[in-house]
Amino acid sequence: MFDVYLNEKFVGNVENIDGFVKDVKEKRRTSKFHPDMSIYHNEEFNEVYINTTKGRSIRLLVRVEDGKSLMTKECVDKLVNNEITWDSLIKEGILEYLDASEEENALVALDENELTKDHTHMEISSIAILGLLLSLIPYSNYGSSSRLIRGNKIQKQSLGLYSSNFHSRMDTDVSILHYPQRPLVKSFMHDVLNYDKHPAGQNVVIAIMSYKGYNMEDAIVVNKGSVQRGFARSTFFRPYLTEEMRYSGGLVDEISIPDKEVKGYKSETDYRLLEDDGIVYTGAKVNQEDVIIGKTSPPRFLGELEEFSVAASTRRETSTTVKYGENGIVDTIIITENEDGNKIVQVKMRDNRIAEIGDKFASRHGQKGVIGMLVPHEDMPFTASGITPDLIFSPHGIPSRMTISHLLEALAGKVSALKGLQVDSTTFDVYPEEKLRDELEKFGFKDNGTEIMYNGITGERYEVRIFVGNMYYLKLEHMVANKLHARAYGRIQLLTRQPVEGRGKGGGLRLGEMEKDCFIAHGASLLLKERFDSDRTVLPISEKSGLVAIHDIRKNKSTCPLYGENVEVNNVEISYAFKLLLDELKALCIYPKLELKSKY
Amino acid sequence: MSSIYEEFSNIPESSMNEIKELTKGMDQSSRKKVLKRVSEEYEKAKINPGEAIGIITAESFGEPGTQMILRVFHFAGVAEMSLTLGLTRLIELFDARKSPSTPLTKIYLKHGYKTDVDKVKAIAASIKETKLKDISDEFSFNLTQFRIEVLLNKKEMKELKITETHVVNVLKESLKDLDVKDDNGTLRIKPKEKDSLSGLYKLKEKLKYAAIKGVKGVEQVTPVKQENEYIIYCTTDNLKDIFKVEGVDETKTTTNNPFVIADLLGIEAARKIIIDEAVEVIKNQGLDIDIRHIMFLADVMTNTGVIKGITRTGITSEKESVLARASFETPIKHIVNASLIGEVDNLNSVIENVMLNQPVPLGTGLPDLVATMKEDAVKGKKK
């Protein structure tokens with residue numbers, strides 16, 4: 001007697017477990033049961049689990065019987081000629097869906113050559129074991145798995161033509177690559193995905209060599225001429241949104257140029273770009289903190305109304321401004337209504353981004369790096385035939401990472417460029433390396449892809465031959481323009497009087513606990529004090545009570561909170577954070593008494 | 001002759017003796033030159049006043065500590081005997097945990113024992129703890145007589161050289177109020193005072209783990225050959241009882257628990273164990289930390305005569321400043337206690353001054369201007 005569970009619930013027992021499982025499977029294959037259903041025989045505990053729930057990932061596999069695939073050539077031909085459909089193959093039981101648990105009972109072959117009597121299933125195509133993005137990596141069966149996973153992740157960050165209607169979309173933080181290209185070295189998956197319609201990179205000539213140390217630690221050296229000719233340019237879009245909200249008591253927001261009476265009025269220059277309706281005009285050049293949508297809101301608390309007689313002066317300024325550190329040109333303005341019937345204004349800003357030092361690039365093999373230097377075209381090394389590479393990649397990136405696929409792509413790219421045809425390098429079914437070498441030789445190149453090169457500055461010949469090839473490079477969404485940040489002075493927190501945190505708010509860069517320890521370890525006592533001076537305050541301390549006294553600037557008189565006037569008060573310079581600590585102790589009914597002593 | 005050495009009294013005695021040995025046969029002036037040079041070098045090697053040795057030690061541990069593998073086992077010669085190493089062991093050591101997660105004693109043997117395989121094996125067998133369950137086949141209740149009957153395994157007993165009378169005597173001695181009789185390989189055990197049934201059951205469990213032979217707590221004993229002599233490793237820190245075993249060399253045998261060492265051999269020995277254990281862990285990880293940092297830590301942990309860990313209950317609780325203590329874990333406890341007794345913080349140390357944003361008394365912040373001022377000049381300035 002064996003237990004049977006349906007959707008994790010016990011339903012009954014069966015006598016003949018193997019017969020039962022076989023029977024259920026047979027019924028599924030003959031469409032008596034739904035093809036999504038799965039049955040799993042746990043051989044360890046001799047229990048059967050049947051699952052029909054949603055949320056299980058299921059995989060389509062070709063069934064195998066007696067070491068022979070049921071997907072015969074006949075079937076394939078019929079399928080190609082549209083005589084039968086995919087669904088009919090599932091109904092006939094030639095193809096079958098397995099979920100993760102039923103896979104435990106199956107032995108799946110990668111391809112037909114591998115089939116034995118023991119196999120129960122076969123992959124539809126051997127590339128199906130890879131994910132969508134992984135199958136886009138050329139020659140990936142020559143790469144190391146950890147790098148391929150990284151390459152996978154990198155492709156998601158690449159800039160391209162993500163959508164052809166991007167003009168009318170309001171996506172946050174997106175970029176469009178200018179002049180995207182089809183990859184010279186592609187895989188079968190590129191065709192399936194219609195990759196040619198939405199490419200995400202550009203073909204460049206790379207040379208694998210060092211260039212004055214500017215490409216060390218994974219950096220890349222890029223030809224300035226290539227950048228000027230349009231390589232890796234992109235447009236960055238940033239949408240801003242404002243809603244005209246309605247509040248209780250008939251109060252409403254108002255999108256307009258704020259009145260001068262409004263609380264928190266900025267300055268006339270800040271509103272200079274607004275038109276009469278309170279919104280910027282398209283084509284306006286905007287800089288950080290410029291107002292792009294003028295808006296005023298009613299007071300936050302109704303009580304505020306009574307304090308002032310002029311109604312306008314009680315309204316608050318709630319305009320939308322360009323984010324800190326960003327600038328660009330106003331691209332699109334959309335004025336519409338949302339589901340609550342409130343007016344909505346959306347302004348999309350566009351910024352042209354030319355590749356600069358610090359921008360991140362990657363090939364499809366997990367080989368990422370930032371631009372370390374932009375070299376003028378005339379200073380770049382050139383080959384005997386006069387080719388100047390667009391990009392110089394450091395050879396140190398290869399040995400430890402074992403990305404042979406990276407090198408093979410460069411080789412295949414070179415052949416492709418010379419032949420004028422895309423090279424197919426689908427995983428497990430690649431255009432063979434020997435053929436690439438033969439063809440390169442036919443075109444008059446060295447079969448290993450190396451070429452004689454000359455120093456671009458001195459004109460001297462390099463002693464070694466340098467590997468040159470064509471590769472598909474991706475510009476990634478991490479651009480310095482979005483990250484660069486420094487501060488000398490700026491906004492501080494209300495509570496601690498220390499600088500605020502974060503680039504978006506123009507915050508400071510924290511000198512943390514461990515950095516502090518470093519100063520101490522060096523004995524740089526006064527430098528440490530200076531670094532922590534951001535919340536320096538001078539406090540009048542009453543000698544008698546040891547508490548912070550109140551200083552009246554007009555009368556130039558200090559009052560002790562305990563003993564009143566006529567007490568000796570001395571000024572002490574401490575951090576505001578410590579004053580806060582003293583105040584918090586006082587709130588806990590602890591009397592922190594400062595005993596002053598002359599330092600000398 | 002001695003006057004020339006007195007001139008360079010800053011050179012430590014051991015170094016001085018070495019110099020005396022090396023400069024034999026030199027004339028007076030060149031010997032003086034040597035001494036002068038050594039004296040200068042010695043002064044240079046000294047740590048400057050105001051050097052932040054504590055933080056430097058912490059950083060010297062902290063930086064390589066990030067590269068440490070969390071939990072590593074090291075096998076002391078044999079696979080079944082494992083030893084916790086890595087960051088876990090280091091934390092355990094410096095936190096001064098009362099007992100290590102893998103206690104280990106390294107037994108060195110005296111002359112006449114250490115090279116004799118049979119004697120070593122005999123000692124190893126005598127150390128291993130044998131429990132009643134190890135030499136018996138069955139534990140059963142005889143409810144009519146209200147007693148427990150234990151069927152002894154004679155074969156096992158013969159191998160371990162234990163006699164029935166020995167078992168009876170040991171049981172009588174270790175578990176009081178018991179009536180133990182041997183009846184041809186079956187022990188009949190009856191409590192002298194009549195107990196409840198659950199009491200009898202508890203007694204049975206107790207009997208199973210009753211020690212018959214060996215040193216208490218020793219579960220594994222492994223003799224290992226090391227350079228012509230045998231060393232016995234055993235998984236215990238019960239050094240006190242091991243010292244009583246005949247043939248054990250008390251001058252060399254150690255354990256990895258500094259508390260046991262401190263009890264038995266004194267605090268200086270415990271300091272040495274802390275240093276040795278820490279060095280072992282660091283070496284095992286392929287890291288290199290200057291031994292003086294480790295010595296400094298061990299000194300801090302042991303200088304009061306008892307081992308104190310680098311924790312909030314250990315050495316940190318002995319800091320003079322309230323603010324310094326409050327800045328390291330459980331601040332409320334320290335502030336509340338300080339406010340109850342009206343503690344005064346003189347702001348003499350580093351962390352308090354960082355909090356107040358004052359120059360820390362270290363490095364360049366240490367020297368002060370010392371000047372005698374006229375009384376009225378000071379007063380005039382204040383006004």
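It should be emphasised that the depicted structure is a prediction, and the values quoted were computed from it without experimental measurement. (Residues numbered from 1 in each chain as written. Chains lettered and ligands numbered in written order. Predicted model: local features only at pLDDT ≥ 70, side-chain atom pairs only at ≥ 80, totals over all residues. Heavy atoms only, no water.)

Here we look at the overall build of chain A
Point 1. A count of helical and extended segments in chain A gives 12 helices and 35 strands.
Point 2. On C-alpha atoms alone, chain A measures out to a radius of gyration of 35 Å, which is more than a quarter above the 25 Å that the 2.2 N^0.38 rule sets for 600 residues.
Point 3. Referenced to the eigenvectors of the C-alpha coordinate spread, the extents of chain A come out at roughly 105 × 85 × 60 Å.
Point 4. Looking at chain A residue by residue over its 600 residues, the buried ones come to 46%.
Point 5. Restricting to contacts in chain A with at least 6 residues of sequence separation, those with at least 24 account for 65%. (Helix = DSSP H or I, 4+ residues; strand = E, 2+ residues; numbered from the N terminus. Rg over C-alpha atoms; globule rule 2.2 N^0.38 Å. Buried < 20%, exposed > 50% of the residue type's maximum accessible area, 1.4 Å probe, protein only. Contact = heavy atoms within 4.5 Å.)

Focus on the confidence of the model for chain A
Point 1. Chain-level pLDDT for chain A is 91 on average; 98% of the residues reach the 70-or-more range.
Point 2. Confidence scores differ between elements of chain A, with helix H7 (residues 304-307) of chain A showing the lowest mean pLDDT of 53 and strand E13 (residues 220-223) of chain A the highest of 97. (pLDDT = per-residue confidence, 0-100.)

Quick notes on the sheet that holds strand E22 (residues 343-353) of chain A
Residue and element names in this part refer to chain A.
Point 1. Taken in spatial order, the five strands line up as E10-E14-E22-E21-E16 in an open sheet, and their pairing is antiparallel. Looking along the sheet, the strands with just one partner apiece sit at the ends: strand E10 (174-177) and strand E16 (285-286).
Point 2. The sheet contact formed by E16 and strand E21 (residues 328-337) spans two bridges and is antiparallel. Its bridge partner being in E21, Lys285 is matched across the sheet by Ile329. (Pairing = 2+ DSSP bridges.)

Thoughts on the interface of chain B and chain A
Point 1. Opposite the 22 residues of chain B that make contact, chain A presents 23 residues.
Point 2. Between chain B and chain A, a total of about 2100 Å² is buried, with carbon and sulfur atoms accounting for 65% of that surface.
Point 3. Taken together, chain B and chain A are joined by zero salt bridges.
Point 4. Viewed at the interface, chain A and chain B are joined by nine residue pairs in polar contact (both at pLDDT 80 or more).
Point 5. Looking at the side of chain B that touches chain A, the elements that each hand over two or more residues are helix H4 (53-65), helix H15 (331-341) and helix H16 (350-355) of chain B.
Point 6. The biggest single contributor to the side of chain B that touches chain A is H16(B), with four residues.
Point 7. When the residues that make up the side of chain B that touches chain A are grouped by side-chain class, the tally is 14 nonpolar, six polar and two charged. (Buried area = accessible area lost by both parts, 1.4 Å probe. Salt bridge = Lys/Arg side-chain N within 4 Å of Asp/Glu carboxyl O. Polar contact = N/O pair within 3.5 Å; in protein donor to acceptor, adjacent residues only side chain to side chain. Nonpolar A, V, L, I, M, F, W, Y, C, P; charged D, E, K, R; others polar.)

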